[in-house]
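This is what each chain is made of:
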Amino acid sequence: IRLSVTLAAALFVGGRAEEAAELCDRAIAESERLSSPGARASAYWNASVIRAESGDLAAALPLAKRALHLLENPERARDLGRLRTQLGAIMLRTDPPRLADAQEQLRLADTELDWSEANPADRARNDLVNAQALLMRGDTDNAHDRAVAVLEACGDDLPLISVDALTVLGQIAWAAGEREAAQGWYRRAIAMLTGYGAD
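Predicted model, so just to flag it, every value in this text is computed and none were measured.

Caption draft 1: Fine view of the overall build of the protein chain. Secondary structure summary: the protein chain contains ten helices and zero strands in total. For the protein chain, the succession of helices and strands along the chain, N to C, is α-α-α-α-α-α-α-α-α-α. Since a compact globule built from 199 residues should have a radius of gyration of about 16 Å, the 17 Å found for the protein chain is in line with a globular shape. Each of the 199 residues in the protein chain was classed as buried or not, and the buried ones make up 43%. Residue pairs in contact within the protein chain that sit at least 24 positions apart in sequence constitute 54% of those at least 6 positions apart. Counting every atom, the protein chain has about 10500 Å² of accessible surface; 51% of that belongs to carbon and sulfur. On the protein chain, the mean spot of the 22 positive side-chain charges and the mean spot of the 30 negative ones are 5 Å from each other.

Below, the structure written as structure tokens:
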């Protein structure tokens, strides 16, 4: 199951979103025949990520909730924190955004990531989604500070997270009416994606 969802992620990054989604669906079907909550959660979680990144938030949200239900175990604090971060990100993108629910998931994720051996990428993703929530709440100063901190922490080591941080900084600048600054952030994001081969 994990190999299948890893392959699905690779297909998605390579621009083959439909194949990736189909592979995740097969992984979910296979995982349902197993007695391993971890395998099932992994299948649902990855299917949720791919649906969300493809823009299908209506499908992504219940998949993420199902994965969260399967993972709710104190021994899986890191995975819970990572999944709550993903769930918060999806909630921010729904129409209308579920800002209060997202912030609660992010608050819980902060605690779970603190309890666990969260790696820098896990922390950075959580901080970045928190920055997006702050922007949506209208707290542009704190959103900017948090996004800059993510960018400085990730740099070239975690390019895709850095690109997301640059994008959020562009959104913050645009919201403040700073059009040239926004374009500057977006150009940096494009240049980083091009250098990474994922433009």
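Caption draft 2: Representation of the side chain of Glu112. Its location among the elements puts Glu112 in helix α6 (residues 99–115). Its relative accessible area of 9% is what places Glu112 among the buried residues. There is a polar contact of 2.9 Å between the side chain of Glu112 and the side chain of Arg84. Residues within four places of Glu112 in sequence aside, it is in contact with Ala77, Arg78, Leu80, Gly81 and Arg84.

Caption draft 3: Spatial organisation of the packing of aromatic side chains. Per the counting criterion, the structure on display carries zero aromatic pairs. Positioned over the ring face of Tyr44 is Arg66, at 5.7 Å from the centre of the ring.

Caption draft 4: Quick peek at the packing of α6 against helix α7 (residues 120–137). At a minimum axis separation of 10 Å, α6 and α7 run at an interaxial angle of 155 degrees. The orientation of α6 relative to α7 falls into the category roughly antiparallel. The handedness of the crossing between α6 and α7 comes out as left-handed. Only Asp122, Arg123, Asn126, Val129, Asn130, Ala133, Met136 and Arg137 of α7 make contact with α6, whose side of the interface consists of Leu99, Gln103, Leu106, Ala109, Asp110, Leu113 and Asp114. Its residues assigned to classes, the contact of α6 with α7 shows seven nonpolar, three polar and five charged.

Caption draft 5: Main features of the pattern of salt bridges. Summed over all chains, the structure comprises 14 salt bridges. As a salt-bridge pair, Asp110 and Arg123 come within 3.3 Å of each other at their nearest N and O atoms. In this pair, Asp110 is assigned in helix α6 and Arg123 in helix α7, connecting sequence segments 13 residues apart. Given the relative accessible area of 22%, Arg123 is considered partly exposed.

Caption draft 6: Up close: helix α2 (residues 17–31). In this model α2 runs 21 Å from its N-terminal to its C-terminal C-alpha over 15 residues, within 8% of the 21 Å that 1.5 Å per residue would give. Every buried residue of α2 is listed here: Ala20, Ala21, Leu23, Cys24, Ala27, Ile28 and Ser31. Seen along its axis, α2 keeps its buried residues to an arc of 160 degrees; they face one direction. Relative to its buried face, α2 has exposed residues pointing more than 90 degrees away, namely Glu18 and Arg26. The secondary structure elements touched by the buried residues of α2 are α1 (2–13), α3 (37–53) and α4 (57–71).

What counts and what doesn't
Residues numbered from 1 in each chain as written. Predicted model: local features only at pLDDT ≥ 70, side-chain atom pairs only at ≥ 80, totals over all residues. Heavy atoms only, no water. Helix = DSSP H or I, 4+ residues; strand = E, 2+ residues; numbered from the N terminus. Rg over C-alpha atoms; globule rule 2.2 N^0.38 Å. Buried < 20%, exposed > 50% of the residue type's maximum accessible area, 1.4 Å probe, protein only. Contact = heavy atoms within 4.5 Å. Areas by Shrake-Rupley, 256 points an atom, 1.4 Å probe, with all protein chains shown as cover. Lys, Arg positive; Asp, Glu negative; His and termini not counted. Charge placed at Lys NZ, Arg CZ, Asp CG, Glu CD. Polar contact = N/O pair within 3.5 Å; in protein donor to acceptor, adjacent residues only side chain to side chain. Phe/Tyr/Trp six-rings, centres within 6.5 Å; stacked < 30°, edge-to-face > 60°. Lys NZ or Arg CZ within 6 Å of the ring centre and 35° of its normal. Axes fitted to C-alpha atoms, helices over the stretch in contact; angles between N-to-C directions. Parallel < 35°, antiparallel > 145°, perpendicular 65-115°, else oblique. Left-handed = near helix turned anticlockwise from the far one by under 90°. Nonpolar A, V, L, I, M, F, W, Y, C, P; charged D, E, K, R; others polar. Salt bridge = Lys/Arg side-chain N within 4 Å of Asp/Glu carboxyl O. Expected span 1.5 Å × (residues − 1). Arc of directions from axis to C-beta.

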